[in-house]
Amino acid sequence: MTATAATVTTVDLGLYPELQRYGATDVSACFSCGTCTASCPLSQTDSTFPRRIIRYAQVGMKDALLTSKELWSCYQCGECAETCPTQADPSEFMAAARRYAIASYDRTRIARTMYTRPLLGTAFAVLVAMFFALFMYSAHGPQSGESLAIFAFIPEELIHNTGVAVMILVTLAGLSGVASMARGMARREGVGWRSLFGSRPALARSARAAWFAIARESLAQERFRTECEADAAPVAWYRRRWLLHAMTVWGFLGLFGATLLDYGFALVGLKATGTPVPLWYPIRLLGTVSGVLLVYGVTSLIVQRYQAANRSVKRSTTADWMLLGLLWVTGVTGFVLELALYLPSAPACGYWVFLVHVAVAMELMLLAPFMKLAHAIYRPVALFFVALAQSSAEGDA
Ligand code: SF4
Ligand code: SF4
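For the structure given in this document, a descriptive report is provided here. (Residues numbered from 1 in each chain as written. Chains lettered and ligands numbered in written order. Predicted model: local features only at pLDDT ≥ 70, side-chain atom pairs only at ≥ 80, totals over all residues. Heavy atoms only, no water.)

1. Observations regarding the overall build of the protein chain
For the protein chain, the count of helices and strands is 18 helices and two strands. Since a compact globule built from 397 residues should have a radius of gyration of about 21 Å, the 23 Å found for the protein chain is in line with a globular shape. Dimensions along the principal axes, computed over C-alpha positions, put the protein chain at roughly 75 × 50 × 40 Å. Taking all 397 residues of the protein chain together, 47% fall into the buried category. Long-range contacts, defined here as pairs at least 24 residues apart, represent 74% of the contacts in the protein chain between residues at least 6 apart. With an accessible surface of roughly 19,700 Å², the protein chain has 66% of that area assigned to carbon and sulfur atoms. The averaged location of the 26 negative side-chain charges in the protein chain is 5 Å from the averaged location of its 33 positive side-chain charges. (Helix = DSSP H or I, 4+ residues; strand = E, 2+ residues; numbered from the N terminus. Rg over C-alpha atoms; globule rule 2.2 N^0.38 Å. Buried < 20%, exposed > 50% of the residue type's maximum accessible area, 1.4 Å probe, protein only. Contact = heavy atoms within 4.5 Å. Areas by Shrake-Rupley, 256 points an atom, 1.4 Å probe, with all protein chains shown as cover. Lys, Arg positive; Asp, Glu negative; His and termini not counted. Charge placed at Lys NZ, Arg CZ, Asp CG, Glu CD.)

So this is what it looks like as structure tokens:
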């Protein structure tokens, strides 16, 4: 333990072996040459990115690694992996460190199990899906053969109430992890309530940082699109990595929004859930367009990963496949269901597709804070601190 008047740095010699359990590459030979920094498209304002994260692992600076906003600045483009003279693969190392961070913020240890024990994690995921399916099926009603009466088969109240319970659990787990991460980063960056909200300039700076993190980086994928892909091998526009990722994000958010709107309309008595509507009905249209985006994006990402088609997907973990698999099953079963709803007579399999769709969608939501999907909440928080630091540096300059 090293102590100074201002800070105490705890050295954890088990950090690097622990990171290796999360898939960290062998970075023992990294000698901080800086080649990765020179090749990284996002390192313009930071002469130690990304090698500083590797250094933390080498010397056991666990707290520094877990409170590092830079860890989440990397979009895993793989450029640095190609130029590293020691084959340390900083790109994959950073991905493993993010998995480790997600597991460290999670107090239930579910994320740790999912990442470090793939067989047990997969069995757990299967059991969760089976639990939801059996739970829903335990309240099942008749299967009408004339048209697909899905809410006569599984009562909509049961689905809604289970969905609300799942959302409460997910929100609590997500907030707990985000609070833990934000507390650590705020302490490290010297950010407090007053510097965030204490004056009009502070408020304006915080609002700009939030805009950067949420709108420009997370939703519009600005640097991912313009900088990370700038040096990538040329591919057709419909196969570009940022576009497939954006389609997946927007498709997922659109479907989530359509589900919430459908629920909200039923709550205020505008439209009962399950009422037949034409394809152009706004919520149905939103769901259909979002479903197309999601299925196309996820299917393409699966194919690229399977083919190891580019430098960013050279390695895949069980966690990568699990997230893509759950998204794909949710999207495809949703489409099959929609098709079946418009058929004049209901195919019997439509009811089972519905059951699988509901069970997997519930599972996807419930496990979100413990899987790779958790980066959707952690990355914007870290990027908020990145933007704050950048605006302070510009102000100081
Ligand atoms: S990861 Fe590779 S390129 Fe980066 S500093 Fe270490 S040895 Fe150099
Ligand atoms: S993977 Fe890409 S964004 Fe991440 S550190 Fe390497 S070069 Fe930079």
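2. Quick look at the side chain of Asp89
Its place among the elements puts Asp89 in the loop between helix H5 (79-83) and helix H6 (90-105). With a relative accessible area of 8%, Asp89 lands in the buried category. Not counting the four nearest positions on each side in its chain, Asp89 is found in contact with Thr25, Ala81, Cys84 and Arg315.

3. Quick look at the pattern of salt bridges
Note on pairing: side chains with opposite charge can pair once their charged atoms come close. By the definition in use, this model includes 13 salt bridges. Of the charged contacts, one joins Arg52 and Glu70 as a salt bridge, the two residues approaching to 3.9 Å between their closest N and O atoms. Here Glu70 lies in the loop between helix H4 (62-66) and H5 and Arg52 lies in helix H3 (residues 51-59), a separation of 18 residues in the sequence. Taking the relative accessible area as the measure of exposure, Arg52 reaches 25% and is therefore partly exposed. In this structure Glu70 comes out as buried when scored by relative accessible area, which is 11%. Taking the shortest distance from any N to any O, the salt bridge between Arg305 and Asp320 comes out at 3.4 Å. Of the two residues, Arg305 sits in helix H15 (residues 282-307) while Asp320 sits in helix H16 (residues 318-341), which places them 15 residues apart along the sequence. (Salt bridge = Lys/Arg side-chain N within 4 Å of Asp/Glu carboxyl O.)

4. Structural notes on the packing of aromatic side chains
Tallied over the entire structure, the rule returns 15 aromatic pairs. Seen from their ring centres, Tyr75 and Phe224 are 5.2 Å apart, and the 5 degrees between their planes marks the pair as stacked. Of this pair, Tyr75 sits in the loop between H4 and H5 while Phe224 sits in helix H13 (residues 222-228), and the two are 149 residues apart along the sequence. In this structure Tyr75 comes out as buried when scored by relative accessible area, which is 8%. When its relative accessible area of 4% is taken as the criterion, Phe224 is described as buried. Ring geometry for Phe384 versus Phe385: centroids 5.8 Å apart, planes at 80 degrees, classification edge-to-face. Residue classification places Phe385 among the buried positions, given a relative accessible area of 6%. The rings of Tyr137, Phe153, Tyr351 and Trp352 are connected pair by pair, giving a single aromatic cluster. Over the face of the ring belonging to Trp242 we find Arg225, whose NZ or CZ atom lies 5.5 Å from the ring centre. (Phe/Tyr/Trp six-rings, centres within 6.5 Å; stacked < 30°, edge-to-face > 60°. Lys NZ or Arg CZ within 6 Å of the ring centre and 35° of its normal.)

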